[in-house]
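Residues per chain are reported as follows:
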Amino acid sequence: MDKKYLFSPGPTMLPPEVLLKMAEPIMHHREPEFEKLFAEIREGLKYLFQTKREVLIFTSSGTGAMEGAVSNILAKGDRALVVRGGKFGERWGEICKAFGIEFVPIDVAWGEAVDPKKIREKLKADASIRAVYTQASETSTGVRHPIKEIAEIVKQYENTVLVVDAITGIGVFDLPMDQWGIDVLVSGSQKALMLPPGLSFVALSDKAWKLVERSNLPKFYFDFKKELKSAQKNQNAFTPAISLFVGLRESLRLIQKEGLEAVFQRHEKLAEATRAAVKALGLELYAPDSPSNALTAVKVPEGIPGGKLKNLFFEKFGITVAGGQDQAKGKIIRIAHLGYYERLDMVMVISALEMLLKEMGHPFELGTGVRAAEAVLME
Ligand SMILES: Cc1ncc(COP(=O)(O)O)c(C=O)c1O
């Protein structure tokens, strides 16, 4: 039987409610029916982002909104501070480079979270830094960065904003944008939003909108001012991915029905169970000190090739997990639990991990990981 399961940190598995809605005949994006849908989505996104500001929606993968968060926020000659603790931190630097923005990197060892003190020091030393770019959850390493603490520091600088890539943070753990003073918050559809890839999101504080006014970097499609004007009329500036918007209304309804607090608690439970299970199997976490609740990055035990383990998940069980990238290639596997995942999903993936490790000669007693997961899930 050919049954498939996604346990990758994007794309993630989709709820049938969302899939069915997206299969309906397409509507037109300049008609009242779409405007009504857009109005509901605007409110749902404000709830999800925990903000009173407008959440802009672009038809692009998450990187599109990241690019916009550079090209709309900075001006020629501005400098940026970039937290680089994995592939996606590196991406902030690459985008800055593409727009001719000089950046000061804070290089963080893979698997570790950034120390907010380093950000304080760099901001103190360089008054030309207009924006601090970081991830809330660095998907390549499974690390959660301390956003609340970083926001406290950046808040003290009147002309500097904090830009957070929360592509695997939004809808996973608490990131109250307005309350913490996050200036720019970015997300994408194919993660905790339980949608296919194709939409990116970004919300801006008043402080960030002031920077938009003085930004003179080139932009066309990802023009935040243009998109804000359209959003206020329940429209997109260009033709949106209409079917994804229809799915988005449904996924936002599901999130609102469950309640944000319950969504966060569910993610925490699934993450804790996964971490407990792999530790019980004698495996080590790649990000032991500050793990993200979006995914669990696990070190592959000595003598077992990580790439092979990842491939066997698919060949034997139809399960897609993620491997490691760059310096973590072959050394880790990443098991996701963000979005449409429930307790027994984790029991299943841990069971598959056990069967594969057993076959590959890792010494442990079958059932040890599942038992540890169940103990957490029953608490
Ligand atoms: C933290 C983070 N940032 C950025 C991205 C890039 O998003 P996309 O691939 O949708 O452009 C991802 C996707 O995996 C991500 O997890």
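Residues numbered from 1 in each chain as written. Predicted model: local features only at pLDDT ≥ 70, side-chain atom pairs only at ≥ 80, totals over all residues. Heavy atoms only, no water.

Asker: Requested: an account of the pattern of salt bridges, with residues and values cited.
Answerer: Counted by the stated rule, this structure contains 22 salt bridges. Residue Arg79 pairs with Asp126 through a salt bridge whose shortest N-O separation is 2.8 Å. With Arg79 in strand S3 (residues 79-84) and Asp126 in the loop between helix H5 (116-125) and strand S5 (129-135), the pair connects residues that are 47 residues apart, well separated along the chain. Residue classification places Arg79 among the partly exposed positions, given a relative accessible area of 23%. Counted as one network, the salt bridges with shared partners bring together Glu40, Arg249, Glu250 and Arg253. (Salt bridge = Lys/Arg side-chain N within 4 Å of Asp/Glu carboxyl O. Helix = DSSP H or I, 4+ residues; strand = E, 2+ residues; numbered from the N terminus. Buried < 20%, exposed > 50% of the residue type's maximum accessible area, 1.4 Å probe, protein only.)

Asker: Quick rundown of the sheet that holds strand S13 (residues 322-323)? Include the residues and the values.
Answerer: Sheet architecture is open: three strands sit in the order S11-S14-S13, paired in antiparallel fashion. This sheet does not close on itself; its edge strands, each paired only once, are strand S11 (295-299) and S13. Note: S11 against strand S14 (residues 332-336), five bridges, orientation antiparallel. Bridge assignment links Leu295 to a residue of S14, and that residue is Ala336. (Pairing = 2+ DSSP bridges.)

Asker: Talk me through the site of the ligand; I want residue IDs and the actual numbers.
Answerer: For the ligand, the set of nearby residues contains 13 residues, the closest of which are Ser61, Thr63, Thr139, Asp165 and Lys191. Between the ligand and Gly62, the relevant distance is 2.8 Å, taken from an oxygen atom to a main-chain nitrogen or oxygen of the residue. Relative to its unbound accessible surface of 390 Å², the ligand loses 88% to contact with the protein. At the level of secondary structure, the elements contributing two or more residues to the shell around the ligand comprise helix H3 (62-71) and helix H4 (87-98). Looking at the shell around the ligand, the element that brings in the most residues is H3, giving three residues. Across the shell around the ligand, the residue classes break down as three nonpolar, seven polar and three charged. (Near = heavy atom within 4 Å. Polar contact = N/O pair within 3.5 Å; in protein donor to acceptor, adjacent residues only side chain to side chain. Areas by Shrake-Rupley, 256 points an atom, 1.4 Å probe, with all protein chains shown as cover. Nonpolar A, V, L, I, M, F, W, Y, C, P; charged D, E, K, R; others polar.)

Asker: A description of the side chain of Thr141 should follow, citing residues and the corresponding values.
Answerer: By secondary structure assignment, the location of Thr141 is in the loop between strand S6 (137-138) and strand S7 (143-144). Taking the relative accessible area as the measure of exposure, Thr141 reaches 0% and is therefore buried. Once residues within four sequence positions are removed from consideration, Thr141 is found in contact with Gly85, Gly86, Trp110, Gly111, Tyr286, Ala287 and Ala297. (Contact = heavy atoms within 4.5 Å.)

Asker: Residues and numbers for the nonpolar core, please.
Answerer: As a rule of thumb, soluble globular proteins bury nonpolar side chains together. Judged by nonpolar contacts, the single largest core of 93 residues is most densely connected at Ile73, Trp92, Ile119 and Tyr133. In this structure Ile119 touches Leu81, Val83, Ile106, Val114, Val132, Ile150 and Ile153, once residues within four positions along its chain are discounted. Counting 34 residues, the second largest nonpolar core, distinct from the first, contains Val298, Val300, Ile333 and Leu357. (Core = buried A, V, L, I, M, F, W, Y, C linked by side-chain atoms within 4.5 Å.)

Asker: Please give an account of the packing of aromatic side chains that cites residues and values.
Answerer: Per the stated rule, a full pass over the model turns up 11 aromatic pairs. Taking 5.8 Å as the distance between ring centres and 35 degrees as the angle between the ring planes, the aromatic pair formed by Phe38 and Phe245 counts as tilted. Note that Phe38 is positioned in helix H2 (residues 32-49) and Phe245 in helix H10 (residues 242-258), a separation of 207 residues in sequence. Like Phe38, the residue Phe245 is buried in the burial classification. Grouping aromatic residues by their ring pairs yields a cluster made of Phe58, Phe220, Tyr221, Phe222, Phe224 and Phe238. Over the ring of Phe220 we find Lys226, and its NZ or CZ is 4.0 Å from the ring centre. For Lys358, the ring lying beneath its charged end belongs to Phe364, and the centroid distance is 4.8 Å. (Phe/Tyr/Trp six-rings, centres within 6.5 Å; stacked < 30°, edge-to-face > 60°. Lys NZ or Arg CZ within 6 Å of the ring centre and 35° of its normal.)

Asker: Which residues make up the sheet that holds strand S2 (residues 55-59), and what values do they have?
Answerer: Read from one edge to the other, the open sheet built from seven strands follows the order S2-S10-S9-S8-S5-S3-S4, with strand pairing classed as mixed. Two strands close off the open sheet at either side, each with one partner strand: S2 and strand S4 (102-107). The mean angle between the axes of side-by-side strands here comes to 20 degrees, regardless of whether they run parallel or antiparallel. Note that S5 and strand S8 (residues 161-165) share five bridges and pair parallel. Across the sheet, Thr134 pairs through a bridge with Val164, a residue of S8. Packing of helix H8 (residues 206-214) onto the sheet brings it into contact with S2, S5, S8, strand S9 (184-188) and strand S10 (199-204), and relative to S10 it is tilted by some 100 degrees. The strands that helix H9 (residues 224-231) touches are S2 and S10; relative to S2, the one it contacts most, it runs at about 105 degrees. (Axes fitted to C-alpha atoms, helices over the stretch in contact; angles between N-to-C directions.)

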